[in-house]
Each structure stands twice: as C-alpha cells, then as structure tokens.
Amino acid sequence: PARCSKLLKGMLEPHAAKIENTKDLKSKCLNKAMCGLLLKGGKPEPYVKDAVSNLLGAYPDIQFASVDTTVLLLANLEEYLPEFETGQHRFVLFKKNK
C-alpha cells in the first residue's frame, strides 16, 4: 500500500523530467517553449527539492528538468555555464526562439 501510494503520488504530482542523455535533453527540455534545467552537482539538499517543487507549482507552463552533472557532461552547453564544482548546483532557463 505505501509503495502504491508513492507510485501514484509520483504520477499525479508535477515533477521535473530526468535527463539521462543528449536525446532526453532535446526532447524533454530544449524542444519546449520554456524549460528550467537544474544541473545537479551532487545529491540535492531538501531545500533544493523544495525550491524546484515550488517552481513546478508556480509555473505550470514551464517544463522543468534535472540532470546529474556529476555523471553526464552536456556537450555544447557547459561552455556557456558557470564552471562545474562538486556539490554546487546550477540552474538555467531556456526559452525557445520562434
């Protein structure tokens, strides 16, 4: 029962899309009108999770996604961002040009 409710909660509540490769980045984030991307520099602290949850609720028209940058390097993107530091999270907002 607890496992089932956790599964249902995950399906019903808004959550950030998980990016695992470049194809995911394009389909789940860059192809959307607007996308907020959390680049995790490690395991996110509870306040980071709370902040993303608040953004999900406040901005339903924006797609949110996250990527673990300790294991995945985003080619052609890292050069435009603050340098990766272990434990430091970065957040980027993309807006698609028309």
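Summarised in this report is the structure supplied together with it.

Cut-off values and rules
Residues numbered from 1 in each chain as written. Predicted model: local features only at pLDDT ≥ 70, side-chain atom pairs only at ≥ 80, totals over all residues. Heavy atoms only, no water. Salt bridge = Lys/Arg side-chain N within 4 Å of Asp/Glu carboxyl O. Buried < 20%, exposed > 50% of the residue type's maximum accessible area, 1.4 Å probe, protein only.

## Looking at the pattern of salt bridges
It is possible for side chains of opposite charge to pair when their charged atoms get near one another.
Argument step 1. According to the stated counting rule, one finds 2 salt bridges in the structure shown.
Argument step 2. The salt bridge partner of Lys18 is Glu20, with a shortest N-O separation of 3.6 Å.
Argument step 3. Assessed through its relative accessible area of 54%, Lys18 is described here as exposed.
Argument step 4. Among the residues examined, Glu20 registers a relative accessible area of 51% and is labelled exposed.
Argument step 5. Of the charged contacts in the structure, one is a salt bridge between Lys28 and Asp24, with a shortest N-O distance of 3.8 Å.

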